[in-house]
Amino acid sequence: MAIIIDGKALAAEIRAEIKTRVAGYTNRAGKKIGLAVVLVGENSASQVYVRNKIKACEEVGVKSYAFYLPSDVPQSELNGLIAELANDDKINGILVQLPLPEHLDSEQALKLIPTDKDVDGFSPENVGKLCMGKNCSVACTPYGVMKMLEKYGIETKGKKAVVVGRSDIVGKPMAMLLLNADATVTICHSKTKNLGSECVAADIIVAAVGKPKFITADMIKEGAVVIDVGMNRDESGKLCGDVDFETVKDKCSYITPVPGGVGPMTITMLLYNTLIAAERNLH
Ligand code: NAP
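Residues numbered from 1 in each chain as written. Predicted model: local features only at pLDDT ≥ 70, side-chain atom pairs only at ≥ 80, totals over all residues. Heavy atoms only, no water.

Q: An account of unusual backbone geometry is requested, with residue identities and associated values reported.
A: Cis geometry is adopted by the peptide bond preceding Pro99, which originates at Leu98 and carries an omega value of 0 degrees. For the bond running from Val258 to Pro259, omega is 0 degrees, close enough to zero to count as cis. Unusually for a residue other than glycine, Asp182 sits at a positive phi of about 70 degrees. Relative to the assigned elements, Asp182 resides in the loop between helix H7 (171-180) and strand S6 (184-188). Look at Asp182 and you get partly exposed, because its relative accessible area is 45%. The backbone phi angle of Lys213 is positive, close to 55 degrees, even though this residue is not glycine. (Helix = DSSP H or I, 4+ residues; strand = E, 2+ residues; numbered from the N terminus. Buried < 20%, exposed > 50% of the residue type's maximum accessible area, 1.4 Å probe, protein only.)

Rendered as structure tokens:
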């Protein structure tokens with residue numbers, strides 16, 4: 001039976017450290033760290049994510065500024081708000097909750113977030129820096145995965161890592177982080193031929209597909225490290241990952257559960273990125 005990577009406990013540990021550093025910042029700067037959260041429309045999953053982010057901010061002493069815009073807001077109004085926040089000294093980080101309603105161009109909106117306030121790590125400059133192995137704001141979910149590997153002493157150097165999924169927010173930055181950590185990385189996606197044989201060769205496998213229990217025991221090498229980013233509902237409506245946890249756990253060496261694995265780390269790394277953005281500008 002594998003060691004279960006406890007994302008909840010690790011997130012609590014990191015959040016306690018963040019809280020101390022936030023208090024130090026507040027003392028030195030004489031003001032609170034500010035995170036602006038922009039939510040457009042009434043997507044219920046997005047509403048839950050935003051609520052959780054605001055709550056997490058409160059817990060560590062970061063002041064959140066929430067902006068709720070109607071689903072039919074014109075692009076110009078959204079852009080205007082972001083431009084205003086970009087120039088606001090109270091705001092250290094700006095987060096636009098994705099996805100945006102279809103009529104809005106998210107690329108156009110995200111481009112207005114200054115690189116040093118881009119706490120999601122989605123700006124072209126931060127993505128470019130990540131590819132070049134330079135210090136930058138890193139997308140929160142894959143960053144959280146790297147923290148987990150680090151905490152559990154899981155070696156990446158020279159290991160074969162397979163990332164299943166190539167989204168801009170998870171798969172691609174995940175692959176880049178593993179590459180920067182000296183793993184030999186393969187990225188798989190919906191057009192990959194022989195997915196099973198790619199996966200079974202992996203020492204470390206990261207599943208970011210969005211399909212319940214998609215990665216099965218026969219796709220896993222004995223003793224592999226299995227990281228499950230997926231957040232899905234199974235046929236009975238229960239939260240589950242992309243990995244068939246029950247069968248895979250007996251074959252691998254480490255595994256993240258869902259819930260309680262990668263999920264709690266994502267918001268934690270958002271808080272961390274916000275703290276770093278604020279500290280960077282404190283002279
Ligand atoms: P996404 O944008 O939908 O990307 C899914 C990826 O999976 C795509 O690259 C897709 O390939 C690939 N894929 C789909 N079917 C496949 C198949 N049959 N074989 C191989 N690859 C396949 O999803 P995402 O935003 O990256 O999220 C992935 C999962 O992680 C979701 O369950 C999401 O809810 C979860 N998530 C969790 C957190 C967290 O904090 N825990 C954060 C973000 C996301 P193509 O590119 O070829 O279409």
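Q: Any details on the environment of Ala278? Residues and values, ideally.
A: By secondary structure assignment, the location of Ala278 is in helix H10 (residues 262-280). Residue Ala278 is classed as buried on the basis of its relative accessible area, which comes to 0%. Each C-alpha atom, one on Ala278 and one on Lys117, is 8.6 Å from the other, the two residues being 161 residues apart in sequence. Apart from residues no more than four positions distant in its own chain, Ala278 is found in contact with Tyr25, Ile33 and Asn92. (Contact = heavy atoms within 4.5 Å.)

Q: Which residues make up the site of the ligand, and what values go with them?
A: The environment of the ligand is made up of 22 residues, and the closest members are Arg166, Ser167, Ser190, Met231 and Thr266. In this structure, an oxygen atom belonging to the ligand sits 2.5 Å away from a side-chain N or O atom of Ser190. In the complex, the protein chains occlude 72% of the 930 Å² of accessible area that the ligand would expose alone. Tallying contributions element by element places H10 first for the shell around the ligand, with 3 residues. (Near = heavy atom within 4 Å. Polar contact = N/O pair within 3.5 Å; in protein donor to acceptor, adjacent residues only side chain to side chain. Areas by Shrake-Rupley, 256 points an atom, 1.4 Å probe, with all protein chains shown as cover.)

Q: Report on the sheet that holds strand S3 (residues 63-69), specifying residues and quantitative values.
A: Spatially, S3-S2-S4 is the arrangement adopted by the 3 strands of the open sheet, whose pairing is parallel. The open sheet has two free edges, formed respectively by S3 and strand S4 (93-96), since each of these has just one partner strand. For this sheet, the mean angle separating the axes of adjacent strands, direction not counted, is 15 degrees. Sitting on the sheet, helix H3 (residues 75-86) touches strand S2 (34-40), S3 and S4, and the angle it makes with S2 is about 175 degrees. (Pairing = 2+ DSSP bridges. Axes fitted to C-alpha atoms, helices over the stretch in contact; angles between N-to-C directions.)

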